[in-house]
Amino acid sequence: MITRNLNMANLKAGYLFPEIAKRRREFAAAHPDAKIISLGVGNTTEPILPHTNAGLVNGAQKLGTAQGYSGYQDEGIARLREKISSVFYKDKFGIDEIFISDGAKCDIGRLQILFGSGAKIAVQDPSYPVYVDGSVLAGAAGGWEEYAANSGGYKGITYLPCTAENNFFPNLDLIPNNSVIYFCSPNNPTGAVADRAQLTSLVNAAISKGCLIVFDAAYSEFIRDPNLPKTIYEIDKAQTCAIEVNSFSKPAGFTGVRLGWSVVPKAIKYSTGESVNADWSRIAGTIFNGASNIAQEGGLASLDDDGIKEIRELTDFYLGNAKLIRNALTKKGLTCIGGENSPYIWAKFPGRDSWEVFSEILEKCHVVTTPGAGFGPAGQSFVRFSAFGHRADVEEACKRLEKL
Ligand SMILES: *Cc1c(COP(=O)(O)O)cnc(C)c1O
C-alpha cells in the first residue's frame, strides 16, 4: 500500500468549518422550525454587478470566435496585468512582476513551494487558516502542541498574538530571523487594519531580520479611511521584502469565478542571491498554467471606470451590513473591533470559551458565527461575525441578537 503524506496527518486546525457545519446540522435536526441565519463563513452572497458580468460574458463569447480565441496564458493576460499595476500600484511594477492566479488562497498554497520544508514561519494569531495549514502541508510546521483548551499550535510556527492589549498589532520582536511572515490587513478574522506607522515597522523589522513578508490584501477595497494603506507597497522598501497576494473574490463577488493575483517584485532575493520572481514564474509554468481567460475578461471589466464603481457599490453594501451588526453588538454592551474598513466584526466575550459562545448564539438567536479559537490560540473568548449576507437576513439576525 502507498503511505500517507505525514503532513496531512498533522493538519489539525482545518477542522474549523466542517465542525461548524456539523454543529449547525445537529441544531437544525433538533429544531426543524428554526430559521437559521449564517453570519459564519466569509462567502459572498450578492450577484456580480452588470458591467463586470458583461465582461465575463464577453470573455466566454470571444472564445467561440476565430479572432477572439486564446489558449494558455501562463502568467495572465498582459492587459489585465498592466491594468492591475496601474489601478492598484500606480504603475510601480512591470507586468512580469504581476502574476494572475485562480485565487489568493490557491497562490498562498503554492507560494509555500518557494520556501520548502525547512522554512520558519510567523503568523498573526488569530489568522486566516491557510497560512498555517499550507505551512503544515509543506512540512514546515513540525508537530502539533496542545497548550490550551480548544486551541494549540505547531512547534515550527511562531504565533504573533494580536489581542485587545496590543491593539491587534503584534509584537514584532517575536518574529524569528530569516522567516516567512504572513500578514493580513484588513485582517480576517479580526477586522483590524494596520496603519502606516505599523506597516512601516513591519517592513523595517522584515528587512533587519532577513524575513520575507507575504502580505494578504484580499480586503483592501473595503478600506474607507483614506489614511490607511491599501497595499504594503505604500511603504518604503516593501518591494525588497514583500510579496502581495490579492483577489477579485470579495470586492467583485468572484468567490465562485476564481481570480486573483500576486505581486512578486524582482527586487526580492533569496539569501543565496537568486531571484524569487524567477522561481515563481517557474512554478506558475510548471504546476499552474494560468487562470481562466473568461474570468480574466471579467476581472478586466471590473477594473475600468464602470467596474470600479461596481466594486465600490458592492463593498459599500457589505460594509452597510457590517455597520448593522456592529451596532447591534455594541448595543448589547459588547466590545467589538472591525466592521468599519473590513467586512468582519470581532466581538469579545470576556472570560468565555468561544465555542461555548458560538453555541449560545446558535441556540438563542439561531445565528451561525465563527468561534475565534478556531483561528488560533489568541482568538479564545472572541467570536467572528461576517457581513457577507443578504440585507434582510442581516437585519433579522441583528434583531435576534437582542436576545443575547
Ligand atoms: C477570502 C479570502 C481570500 C480570497 O481567496 P480566493 O482564493 O482569492 O477566493 C484571501 N485571503 C483572505 C484572508 C480571505 O479571507
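Above this text you will find the structure in question.
Residues numbered from 1 in each chain as written. Predicted model: local features only at pLDDT ≥ 70, side-chain atom pairs only at ≥ 80, totals over all residues. Heavy atoms only, no water.

A few words now on empty space enclosed by the protein. Taken as a whole and judged by the stated rule, the model has 2 cavities of 30 Å³ or more. Estimated volume of the largest cavity: approximately 50 Å³. Taken together, Asp74, Glu75, Phe99, Ile100, Ser101, Asp107, Arg110, Trp280, Ala284 and Phe288 form the lining of the largest cavity. Those elements giving two or more residues to the lining of the largest cavity turn out to be strand S2 (98-101), helix H5 (104-115) and helix H9 (276-288). Across the lining of the largest cavity, the residue classes break down as 5 nonpolar, 1 polar and 4 charged. Its volume calculated, the second largest cavity comes out at about 30 Å³. Taken together, Ile48, Leu49, Thr52, Pro251, Ala252, Gly307, Glu310, Ile311 and Leu314 form the lining of the second largest cavity. The biggest single contributor to the lining of the second largest cavity is helix H11 (residues 305-331), with 4 residues. Of the residues that constitute the lining of the second largest cavity, the class distribution is 6 nonpolar, 2 polar and 1 charged. (1 Å grid on protein atoms, 1.4 Å probe; cavity = no way out; pocket = protein on both sides within 12 Å on 5 of 7 lines; lining within 4 Å. Points joined across faces, edges and corners; volume = space filled by probe spheres on them. Helix = DSSP H or I, 4+ residues; strand = E, 2+ residues; numbered from the N terminus. Nonpolar A, V, L, I, M, F, W, Y, C, P; charged D, E, K, R; others polar.)

Once that is clear, we can look at the nonpolar core. Counting 44 residues, the largest nonpolar core has Leu80, Ile84, Tyr89, Leu202, Ile213, Phe248 and Trp261 as the members making the most contacts within it. Elements with a minimum of two residues in this core: helix H4 (78-89), S2, strand S7 (179-184), helix H7 (196-209), strand S8 (212-216), strand S10 (260-263) and helix H10 (293-302). If you tally residues by element for this core, the top one is H7, at 5 residues. In this structure tyrosine 89 touches Ile84, Ile98, Thr231, Tyr233, Glu244, Trp261 and Val263, once residues within four positions along its chain are discounted. Among the nonpolar cores identified, the runner-up in size contains 33 residues, and Leu111, Val132, Ala141 and Tyr270 belong to it. (Core = buried A, V, L, I, M, F, W, Y, C linked by side-chain atoms within 4.5 Å. Buried < 20%, exposed > 50% of the residue type's maximum accessible area, 1.4 Å probe, protein only. Contact = heavy atoms within 4.5 Å.)

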